Amino acid sequence: MNIEEFDFDLPKELIAQTPLKERTASRLLVLNKQTKAISHHHFFDVKQFLKPGDCLVLNNTRVLPARLHGIKEDTGANVEILLLHQVDGDSWEILAKPAKKVKLGTVIRFGDGLLTATVTQIKEHGGRVVDFAYTGIFYEVLDQLGEMPLPPYIKEQLPEKERYQTVYAKEEGSAAAPTAGLHFTKELLNELEQMGVCIAFITLHVGLGTFRPVSVETVEEHEMHAEFYHMDQNTADLLNDVKQSDGRIISVGTTSTRTLETIARDNHGTFKQASGWTDIFIYPPYQFQAVDGLITNFHLPKSTLLMLISAFAGKGAVMEAYREAVQERYRFFSFGDAMFIYA
């Protein structure tokens, strides 16, 4: 399948640069994947499309302020690094800019020496592994010195760090937000629970590979980045009960979807406690085993995320929905509007 089949024209002005003041004020395009019917709403209307016995599955990962600006200890040259993931203890894999100036043994100082990083390894793809040294608690130092790693298509500064976190973010480790969850407030989640909709949490730490463009000509050639996931036994039991009771599992975001499908695939359509790294690549045709509905944002042309929702709802229906979203001037990408796909 050629990746050009997942291309569409998107005016630059539709790329949301800042979040709305009210999380639930975003617009919501609703697509019935059976009838292909499209309707237009606001996100707070999502309650109309959920019912008792449904289960929302949310990714509770928390975004690290993973972008750091420092200087090389030997030359004083400016260096920017981006944390990718923790290797072990105080050892982290990072991206550095300019990478060619960051060699094995290079020491980088941040915040007048509050934090230092020593390069211990150079990876094949151009990344680096560094060992951090600091006094105190690493995440507190990082919160003091780091910036949110906003996607490259967002050019505006984000004055409030928490606006790039979901209200239920808990487990530190993401290099990017699970943006479908940004539309929820605690009040909306409480309302849904009072309706009889159950709320479940899983963790998938989003890597920067989520923004990596597909550089091959055919979909099948693309290799996915691996991301760490975790589901505890309580969540597994809850989801198995929902399935057995003919309730719907509604995945919030492509990250939750990839986690659920990874675990269900490995357990014959059921769930159990699991942790690991998933590089599952979902594209048409794909037989979903876990997810019955999907809440998601609008994704980049020719992206693996667009391929995933095309596998869920049908490529033709999704591309038509995107065409209509452009025509109706929806806001796209991380800080943009949302889409609910259901049967």
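Caption draft 1: Just the sheet that holds strand 12 (residues 198-204), in detail. On the basis of which strands lie adjacent, the open sheet formed by nine strands has the order 2-1-17-16-14-3-12-13-15 and mixed pairing. Here the strands that pair on one side only, and so sit at the sheet edges, are strand 2 (38-42) and strand 15 (274-278). Adjacent strand axes in the sheet meet at a mean angle of 25 degrees when their direction is disregarded. In the sheet, strand 12 pairs with strand 13 (residues 227-231) via two bridges, with the strands oriented antiparallel. Considered in strand 13, the bridge of Thr-203 is made with His-230. Against the sheet, helix 5 (residues 304-313) engages strand 1 (27-32), strand 16 (293-297) and strand 17 (338-342), with an angle of about 150 degrees to strand 16.

Caption draft 2: Seen up close, the packing of helix 5 against helix 6 (residues 315-327). Two numbers describe how helix 5 lies on helix 6: the axes approach to 7 Å, and their chain directions differ by 120 degrees. What the angle tells us is that helix 5 and helix 6 run oblique. Along the contact surface, helix 5 presents Leu-306, Ile-309, Ser-310 and Ala-313, while helix 6 presents Lys-315, Ala-317, Val-318, Met-319 and Tyr-322. Looking at the contact of helix 5 with helix 6 residue by residue, the classes come out as seven nonpolar, one polar and one charged.

Caption draft 3: Highlighting helix 4 (residues 254-266). The terminal C-alpha atoms of helix 4 lie 18 Å apart, and with 13 residues this matches the ideal 18 Å at 1.5 Å per residue to within 8%. Burial runs high along helix 4: 11 of the 13 residues are buried. Of all the positions in helix 4, only Thr-254, Thr-255, Ser-256, Thr-257, Arg-258, Thr-259, Leu-260, Glu-261, Thr-262, Ile-263 and Ala-264 are classed as buried. Two residues or fewer past helix 4, His-268 is found with a positive phi of approximately 55 degrees.

Caption draft 4: Structural detail: the sheet that holds strand 9 (residues 115-122). Read once around its circumference, the closed barrel built from six strands follows the order 5-6-7-10-9-8, with strand pairing classed as antiparallel. Strand-to-strand twist across the sheet, computed as the mean angle between neighbouring axes with direction ignored, equals 45 degrees. Summarising the sheet, strand 8 (residues 107-110) and strand 9 pair through four bridges and their orientation is antiparallel. Each residue of the ladder has a partner; that of Arg-109, found in strand 9, is Thr-116.

Caption draft 5: Summary view of the packing of aromatic side chains. Inspection of the entire model under this criterion finds 22 aromatic pairs. Aromatic pair Phe-132 and Phe-138: ring centres 5.3 Å apart, planes at 40 degrees, arrangement tilted. By relative accessible area, which is 5% here, Phe-132 ends up buried. For Phe-138, a relative accessible area of 7% translates into the label buried. Note on Phe-340 and Tyr-342: the rings are 5.6 Å apart at their centroids and 20 degrees apart in plane angle, and the pair reads as stacked. A relative accessible area of 0% means that Phe-340 is categorised as buried. Residue Tyr-342 is classed as buried on the basis of its relative accessible area, which comes to 18%. One aromatic cluster in this structure is built from Phe-8, Tyr-153, Phe-298, Tyr-322, Tyr-330, Phe-332 and Phe-333.

Caption draft 6: Main features of the pairing of strand 9. If you look at the hairpin formed by strand 8 and strand 9, you'll find four residues sitting between the two strands, and Gly-111 has a positive phi there, around 55 degrees. Alignment of strand 9 against strand 10 (residues 128-134), held across seven bridges, turns out to be antiparallel. If you follow Ile-122 over to strand 10, its bridge partner there is Arg-128.

Caption draft 7: Region of interest: the side chain of Gln-165. Examined against the element boundaries, Gln-165 turns out to sit in the loop between helix 1 (138-145) and strand 11 (171-174). Classification of Gln-165 as buried rests on a relative accessible area of 2%.

Caption draft 8: Structural context of the pattern of salt bridges. Here the structure, examined in full by the defined rule, presents 14 salt bridges. Between Arg-62 and Glu-162 there is a salt bridge, with its nearest N and O atoms 2.5 Å apart. With a gap of 100 residues between them, Arg-62 in strand 4 (residues 61-63) and Glu-162 in the loop between helix 1 and strand 11 connect regions that are remote in the sequence. Within the structure, one salt-bridge network assembled from shared partners comprises Arg-62, Glu-162 and Glu-172.

Cut-off values and rules
- Residues numbered from 1 in each chain as written.
- Predicted model: local features only at pLDDT ≥ 70, side-chain atom pairs only at ≥ 80, totals over all residues.
- Heavy atoms only, no water.
- Pairing = 2+ DSSP bridges.
- Helix = DSSP H or I, 4+ residues; strand = E, 2+ residues; numbered from the N terminus.
- Axes fitted to C-alpha atoms, helices over the stretch in contact; angles between N-to-C directions.
- Contact = heavy atoms within 4.5 Å.
- Parallel < 35°, antiparallel > 145°, perpendicular 65-115°, else oblique.
- Nonpolar A, V, L, I, M, F, W, Y, C, P; charged D, E, K, R; others polar.
- Expected span 1.5 Å × (residues − 1).
- Buried < 20%, exposed > 50% of the residue type's maximum accessible area, 1.4 Å probe, protein only.
- Phe/Tyr/Trp six-rings, centres within 6.5 Å; stacked < 30°, edge-to-face > 60°.
- Salt bridge = Lys/Arg side-chain N within 4 Å of Asp/Glu carboxyl O.

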